[in-house]
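# Notes for the structure review
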Amino acid sequence: MTSNSSTQAVPEIYRMPRHVAMIMDGNGRWATRRFLPRVAGHVKGVEAVRGMVEACVTRGIEFLTLFAFSSENWRRPPDEVSLLMRLFMTALEREVAKMHANDIRLKVVGDLSAFDSKLQEMIAQAQRKTENNTRLTLTICANYGGRWDILQATQKMLAANPGLTAPTEDDLAPHLALAFAPEPDLFIRTGGEQRVSNFMLWQLAYAEMYFTDTYWPDFDGDALDKAIASYQQRERRFGRTSEQLVEQKKAS
Ligand code: IPE
Ligand code: IPE
Ligand code: MG
């Protein structure tokens with residue numbers, strides 16, 4: 001998948017990002033601010049997901065990837081973890097038919113073996129049902145971690161090529177959990193923290209980073225437009241100089 005790698009070749013850049021990856025953070029604080037239980041923030045957070053999918057579709061974004069549950073989120077109180085699982089199930093139950101009707105392809109990536117078998121089956125069914133849809137690919141990262149991904153890809157690569165001693169990017173890339181998508185152009189983290197929290201470590205190599213204090217439940221189409229406007233101001237050099245970019249523009 002060389003053409004898909006920002007370190008192997010300079011990718012084609014479009015005014016509208018093709019792939020936006022988001023860390024949906026701040027649900028708990030959104031609720032606490034309102035003297036509500038954290039749960040209320042997660043419920044609102046699911047609504048914000050619905051709005052964001054729609055906003056991306058209307059803007060012509062092709063890939064939206066959302067961090068829903070990290071491999072480290074198991075460290076939370078058991079009640080909160082099980083509530084998040086239930087919310088995920090309910091959202092799948094309610095939304096998949098609508099997604100399918102709107103030509104949205106759903107992918108769920110992460111170590112799904114940790115989920116109960118009913119949830120795993122629902123995920124498999126939803127992915128099968130929507131696999132040929134082309135308008136937007138919505139990827140939900142669940143029990144996902146960037147390190148998990150690199151390690152699971154390494155294991156699959158070695159299983160596929162026993163004796164491989166000097167792997168290249170091309171050997172590894174097809175086994176990464178997001179091999180079906182181009183690398184994210186734009187990374188957004190809501191909720192005020194400025195860190196990556198083990199999200200898409202490999203794929204974010206050349207993503208433009210955007211951080212906002214807005215809590216996830218309040219992150220809407222207008223907020224997305226601000227992030228896109230910021231993205232459109234950036235000069236994506238991929239290691240080259242500004243002068244080279246000017247020359248390239250003149251030549252084209
Ligand atoms: C993000 O919101 C949702 C998940 C991690 C599942 P948080 O629950 O992390 O909200 P804060 O950061 O505590 O406000
Ligand atoms: C990152 O948010 C994970 C998700 C949004 C799913 P966290 O709230 O778990 O991140 P940290 O712990 O503050 O870094
Ligand atoms: Mg958080």
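Structure shown above.
Residues numbered from 1 in each chain as written. Chains lettered and ligands numbered in written order. Predicted model: local features only at pLDDT ≥ 70, side-chain atom pairs only at ≥ 80, totals over all residues. Heavy atoms only, no water.

## Comments concerning the site of ligand 1
Definition in use: One heavy atom suffices: a residue is near a molecule or strand as soon as one of its heavy atoms comes within 4 Å of it. A 3.5 Å cut-off defines polar contacts: any pair of N or O atoms within that distance qualifies, except that in protein one atom must be a possible hydrogen donor and the other a possible acceptor, and neighbouring residues in sequence count only when both atoms are side-chain atoms. Using a 1.4 Å probe, accessible areas were evaluated by the Shrake-Rupley method; residue-level cover was limited to the displayed protein chains. Cavity: a set of points on a 1 Å grid over the protein atoms alone where a 1.4 Å probe fits but cannot get out. Pocket: an open set with protein on both sides within 12 Å along at least five of seven lines, its lining residues, like those of a cavity, having an atom within 4 Å of a point. Those molecules having more than half of their atoms within 2 Å of a cavity or pocket grid point set are described as sitting in that cavity or pocket. A run of H or I in DSSP becomes a helix once it reaches four residues, and a run of E becomes a strand once it reaches two; helices and strands are each numbered from the N terminus. Polar here means any residue outside two lists: the nonpolar Ala, Val, Leu, Ile, Met, Phe, Trp, Tyr, Cys and Pro, and the charged Asp, Glu, Lys and Arg; Gly therefore counts as polar.
As a structural note, the neighbourhood of ligand 1 is formed by M24, D25, G26, N27, G28, R29, R38, H42, A68, N73, R76 and L84. In the model, an oxygen atom of ligand 1 is placed 2.7 Å from a nitrogen or oxygen of the R29 side chain. With the chains in place, 87% of the 380 Å² that ligand 1 exposes on its own is no longer accessible. Structurally, ligand 1 is housed in the largest pocket. Looking at the shell around ligand 1, the elements with two or more residues in it are α1 (27-33) and α2 (38-59). For the shell around ligand 1, the element with the highest residue contribution is α1, accounting for three residues. For the shell around ligand 1, a count of residues per class yields three nonpolar, five polar and four charged.

## Description of the packing of aromatic side chains
As a reminder, the rule being used: Working definition: a ring pair exists when centres of Phe, Tyr or Trp rings (six-membered ring for Trp) sit within 6.5 Å. Plane angles under 30 degrees give stacked, over 60 give edge-to-face, the rest tilted. Burial classes: relative accessible area under 20% of the type maximum marks a residue as buried, over 50% as exposed, and values in between as partly exposed (1.4 Å probe, protein chains only).
Counted by the stated rule, this structure contains ten aromatic pairs. When the centroid spacing of 6.3 Å and the interplanar angle of 45° are considered together, the rings of W74 and F115 count as tilted. Separated by 41 residues along the polypeptide, W74 in the loop between β2 (63-70) and α3 (78-101) and F115 in the loop between β3 (104-109) and α4 (117-130) bring together distant segments of the chain. What makes F115 buried here is its relative accessible area of 4%. Through a chain of ring-to-ring contacts, three or more aromatic side chains come together here, namely F67, Y144, W148, F187, F199 and F211.

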